[in-house]
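Summary of the model geometry
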Amino acid sequence: MINSLLERKIEKRPDRVRLRGRILFLTEDPELIKRQLAGEDLPWDTKNAANNPKLRDDISTDEITPAHYCFYFDETLGEIPYLGLKCGSVTPIGRGDVKRGGFVCAVSGKRRGKGSSREQSPYAEMCAGIQVVIAENIERIYKQNCQNLGVLTSTDFSLIDRIRGGEEIALAEFTAGEDEITRQVIEYGGLFPFNVARMQGKVFLPPIEEAGKTTRSTPAMTLAEKIFARHMLNEKGEVGLTSVKPGDTGFAQADLRFSHEYVTPMAAIFFERYVGKDAKVNDAASIIFFRDHLTFLDEVISEEKKKLGLLDLATQLKLKQQDFAAKQGIKLHGELKDRKGSEGICHAIVLETYALPGQLNVGSDSHTPHVGAIGCVAFGIGTTDVFNSWITKDVRVKVPESVRIVIRGKKRVNATAKDFILKILSLDYVRSGKALAKVMEYAGEAIEELSVDERATMTNMAAEIGGFTGIVAPDKKAVEFLVERRGMDRKKAEAMMEGLYSDADAQYAHVIELDAADITPMVATPGDPGNGKYVRELNTPVPVEIAYGGTCTAGKNEDMDMYADVLAHALKQGKRVADSVKFYIQFGSQETREYCLRKGYIDVFQKAGAIVIEPSCGACINAGPGVSTRPDQVVISAQNRNFPGRSGPGQMYLASPLTVAASAVAGYIVEYEPSETRALVGV
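Quick look at the structure, then.

Reading the values: the criteria
Residues numbered from 1 in each chain as written. Predicted model: local features only at pLDDT ≥ 70, side-chain atom pairs only at ≥ 80, totals over all residues. Heavy atoms only, no water. Axes fitted to C-alpha atoms, helices over the stretch in contact; angles between N-to-C directions. Helix = DSSP H or I, 4+ residues; strand = E, 2+ residues; numbered from the N terminus. Parallel < 35°, antiparallel > 145°, perpendicular 65-115°, else oblique. Contact = heavy atoms within 4.5 Å. Nonpolar A, V, L, I, M, F, W, Y, C, P; charged D, E, K, R; others polar. Salt bridge = Lys/Arg side-chain N within 4 Å of Asp/Glu carboxyl O. Buried < 20%, exposed > 50% of the residue type's maximum accessible area, 1.4 Å probe, protein only. Pairing = 2+ DSSP bridges. Core = buried A, V, L, I, M, F, W, Y, C linked by side-chain atoms within 4.5 Å. Polar contact = N/O pair within 3.5 Å; in protein donor to acceptor, adjacent residues only side chain to side chain.

**Topic: the packing of helix α20 (residues 452-460) against helix α22 (residues 476-486)**
- Close contact between α20 and α22 brings their axes to 10 Å; oriented N to C, the two are set at 115°. Classed by the angle they form, the pair α20 and α22 counts as roughly perpendicular. Counting all contacts with α20, which are made through V452, D453 and R455, the residues of α22 involved are K477, A478, F481 and R485.
- Here the contact of α20 with α22 is composed, by residue class, of 3 nonpolar, no polar and 4 charged.

Have a look at this one:
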């Protein structure tokens, strides 16, 4: 494999580009988009932004490529970019519209590409003819996926006039401000050609200045920086540096690399196409595959989508992953053989079985930071990063700044980690995009009191913040987790914690301080996880038809404790799930299902009228029971995202497991008050 790549001819792209084609402005007004699709070029004043129509902000990858269309993993994706884009209540872009329109550039507002790490989104844009994306700011994973594929990105709106004028634009304008490695990835037209040039010794890898290497004192570092330092490669390709600082760029060796059936097939095809059908991955033992996303798809997919062949395509995803795993000798956590369902969601299994404090782990999912709950640096990567890591065992990294989020004091009895994270997501610092691509380091007495399961909710939803990752310094709770859940020797577990803390004088980009006592149960209103408000601030009762408890975020052991607490309390009061509500409870893993069996929870769930489901990502990605089917249908869910269309056309509120279960019983959104003497507290 290495020899064939060493002989591969690799050249840089031209140092000047001319983009021949039209510009598509993704505006809030659907009529303006329709007019552009019909052939009209929208006027745009690059000198005075106030003269222009409002651009859509917060365009998620769910809107660029709705989940069902990600079953395609070839150029067919070029027919479907922006099919889920909502402008008010309208989805103005139809299949093939962008490709037929001859667009070469797409322009939008703040936080473009938020959400899922699916590389199908920029790949779909590229296959439709989009060569450059312009936005006010761009989410980390989406931007990196664009760079990896060779799609240009910019926040410079002055380029609009020059593209329209047919001017040649220096490639340097797209690399300005980027680190040395990213610059070269862009110059070579993508990550794979860059990596081949790297193997051939044609590219310049900047040495990282190691403060402390020649002196006795190592500089103060955050926990994440310490873990990066352990895993970064030096200029000789050796692993481990004495220190790193934010902005240092290079490659970090991964302890674990995992992917699921949404991404593995596309990565496998790239690998076979660009490396070779008989080539072997680097260190198969540290790669894990999961069949966890589409196990229940056949129960909810519409007849219309079946007629499009999407269910058959989903089956092909499964088969391609199985074949590649078998051929490469890679461990696959797959479907159950005796009943419908999967072994578990990737994040749940990685936390329960594989991840260790101090590791650096990468996965094909934006919620990979889940395992930061035990002190790992873990982050999501796209398809091209995945297949390149199979070759090199490392990933491109720019050491991020850290934000320290301190939650002091003692939390309320009916507040949870989900309420904490919904509060954080509602803050101006996060909503304005200032936290993008930064490490979220959680600390404070209220965090220290959380179990590892609850900490995982916080680190998991660093993805919704747009952060690079989330992390909690490992402590006695982490030791207990490894001893009790993994059967690890206590001394071995304690030894792993050595040095895994932030130095007292470590530098942070920002510090957020909250008082746990101020945080009461919250919801995120439909449309975005950042739409947080306290339940008691809802002006009128909000009746619900569907309540959903599950996913990687809310399908853990302690989440099940919460559902069981609420439902057992309801049964004691002679209540059950309201007749108007369907309440789904879905395990995150078989280990959690076994835990519920031991605790007698499944009996409680069923007696209370809840519907119990085997593990899968399911409703969270519009692929299992619990999805909405009508635009007016109200859902309350313990999952992590409520982007438009992500889990069906309905109106989804996000909330904690306690609030979801209590609302299922009440029939409308309520706080849970566990006291025997007090009823459910409504609005």
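**Topic: the pattern of salt bridges**
- As enumerated under the stated definition, the model contains 52 salt bridges in all.
- Across the pair E303 and K306 runs a salt bridge, and its minimum N-O distance is 3.4 Å. With E303 and K306 both in helix α13 (residues 303-307) and 3 residues apart, this pair spans about one turn of that helix.
- Of the residues examined, E303 reaches a relative accessible area of 51% and is grouped as exposed.
- Residue classification places K306 among the partly exposed residues on the basis of a relative accessible area of 30%.
- Its salt-bridge partner being K318, residue E335 comes within 3.3 Å of it at the nearest N-O pair. Of this pair, E335 sits in the loop between β10 (331-333) and α15 (346-354) while K318 sits in helix α14 (residues 310-328); the two residues are 17 residues apart in sequence, bridging distant segments of the chain.
- On the accessibility criterion, E335 (28% relative accessible area) is partly exposed.
- In this structure, a network of salt bridges that share partners links the residues D338, R339, R593, E594 and E614.

**A few points about the sheet that holds strand β5 (residues 152-154)**
- In spatial order, the strands read β2-β3-β4-β5; together these 4 strands make up an open sheet with parallel pairing. Unpaired on one side and paired on the other, β2 (22-25) and β5 mark the two borders of the sheet. Between one strand and the next, the sheet's axes are offset by a mean angle of 20°, whatever the strand orientation.
- Note that strand β4 (residues 132-134) and β5 share 3 bridges and pair parallel. Residue pairing in the sheet places I134 in a bridge with S154 of β5.

**Some details on the environment of P521**
- Note on placement: P521 falls in the loop between β17 (510-515) and β18 (522-524).
- For P521 and A415, which are 106 residues apart along the polypeptide, the C-alpha to C-alpha distance reads 5.4 Å.
- Among all residues touching P521, those that are not within four sequence positions of it are N414, D419, Y534, V535, T659 and E671.

**Overview of the nonpolar core**
- Of all hydrophobic cores here, the largest spans 104 residues; its most connected members are F228, M232, F271, L294, F379, F387 and W390.
- Filtering out sequence-adjacent residues up to four positions away, F228 remains in contact with V244, L360, V377, F379, V397, V399, P400 and F468.
- Formed by 42 residues, the second largest nonpolar core is a distinct cluster that contains A554, A570, Y653 and V665.

**Let's talk about the side chain of S616**
- Within the secondary structure, S616 is located in the loop between β22 (611-613) and β23 (634-637).
- For S616, a relative accessible area of 0% gives the class buried.
- Here the side chain of S616 touches D292 through a polar contact of 3.2 Å, landing on its backbone oxygen.
- Among the polar contacts made by the side chain of S616, one reaches the main-chain amide nitrogen of G618 at a distance of 3.4 Å.

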